[in-house]
Amino acid sequence: QVQVMESGGGLVQPGGSLTLSCAASGRIYDFRTMAWYRQAPGKERELVARIMPGGTIEYVDSVKGRFTIFRDNAGITVSLQMTNLKPDDTAVYYCNIVASYGAYWGQGTQVTVSS
């Protein structure tokens, strides 16, 4: 089993920045894709950014140029640096790790962008 824990959410004003972190523990080997998703009230969960095998990175169009996803060298922590935040970025952000033996989610961390 893999335990996934997010941290770093909070309340920020429009134009501000936050960095979310996701740490894995337990059965921490052979991770494939590491990703951040988000779910706003009344909306479906959407992919925000992901790092795929080989290092390919993808972002949803709405965050390109503002968000950066990166992982540590050990490959067990993935972070999401968010800048120039907008009210539409308000959501619960979830970390997702896909390993060769299963897919795992964290409990989520709330990000609220409001003045």
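Counting starts from 1 at the beginning of each chain's written sequence and moves along it residue by residue. Only residues with pLDDT of at least 70 get local features here, since the model is predicted, and only at 80 or more are side-chain atom pairs given and counted; chain-wide, interface and lining totals rely on the full set of residues. Calculation of side-chain values draws on the structure's entire complement of heavy atoms; hydrogens and water are dropped beforehand.

1. Here we look at the overall build of the protein chain
Next, step 1: Secondary structure assignment for the protein chain yields zero helices and eleven strands.
Next, step 2: For every residue, the accessible area (1.4 Å probe, protein chains only) is compared with the maximum for its type, and the residue is labelled buried under 20%, exposed over 50%, or partly exposed between those bounds. Each of the 115 residues in the protein chain was classed as buried or not, and the buried ones make up 38%.
Next, step 3: Contacts are assigned to residue pairs that have any heavy atoms within 4.5 Å of one another. Contacts spanning at least 24 positions in sequence make up 54% of the contacts within the protein chain whose residues lie at least 6 apart.
Next, step 4: Note that His is not counted, nor are the chain ends; the positive residues are Lys and Arg, and the negative ones are Asp and Glu. For this purpose, a charge sits on NZ of Lys, CZ of Arg, CG of Asp or CD of Glu. The average position of the 10 basic charges and that of the 9 acidic charges among the side chains of the protein chain differ by 2 Å. Per the convention used, a helix needs a DSSP run of H or I reaching at least four residues, while a strand needs a run of E reaching at least two, with both numbered from the N terminus.

2. Digging into the pattern of salt bridges
Side chains that differ in sign of charge can pair as their charged atoms come close.
Next, step 1: Whenever a carboxyl oxygen of Asp or Glu lies within 4 Å of a side-chain nitrogen of Lys or Arg, that contact is scored as a salt bridge. Under the defined criterion, the tally for this structure stands at six salt bridges.
Next, step 2: Across the pair Asp 89 and Arg 38 runs a salt bridge whose closest N-O atoms are separated by 3.0 Å. Pair noted here: Asp 89 is in the loop between β8 (77-82) and β9 (91-99) and Arg 38 is in strand β4 (residues 31-39), with a separation of 51 residues, a long-range link. For the pair Asp 89 and Arg 38, one class covers both residues: buried.
Next, step 3: For Arg 50, the salt bridge identified is with Glu 58, shortest N-O distance 2.8 Å.
Next, step 4: For Arg 50, a relative accessible area of 26% translates into the label partly exposed.

3. Observations concerning the state of the cysteines
Next, step 1: In this description, the term disulfide denotes a pair of cysteine sulfurs within 2.5 Å. In this structure the tally under the stated criterion is one disulfide.
Next, step 2: A sulfur-sulfur separation of 2.1 Å characterises the disulfide bridge that pairs Cys 22 with Cys 95. Here the S-S torsion is close to -80 degrees, and the disulfide linking Cys 22 with Cys 95 is therefore left-handed. In this pair, Cys 22 is assigned in strand β3 (residues 18-26) and Cys 95 in strand β9, connecting sequence segments 73 residues apart.
Next, step 3: Look at Cys 95 and you get buried, because its relative accessible area is 0%.

4. Some thoughts on the sheet that holds strand β1 (residues 2-7)
Next, step 1: Any two strands with at least two DSSP bridges between them are considered paired. What the four strands build is an open sheet, ordered β1-β3-β8-β7; its pairing is antiparallel. The sheet is open, and its two borders are formed by β1 and β7 (67-71), each paired with just one other strand. Strand-to-strand twist of the sheet, defined as the mean angle between neighbouring strand axes without regard to direction, takes the value 15 degrees.
Next, step 2: Judged from the six bridges that link them, β3 and β8 form a sheet pairing that is antiparallel. The residue of β8 that forms the bridge with Ser 21 is Ser 79. For helices, the axis comes from a line fit to the C-alpha atoms of the stretch in contact; other axes are also lines fit to C-alpha atoms, and the angle between any two N-to-C directions lies between 0 and 180 degrees.

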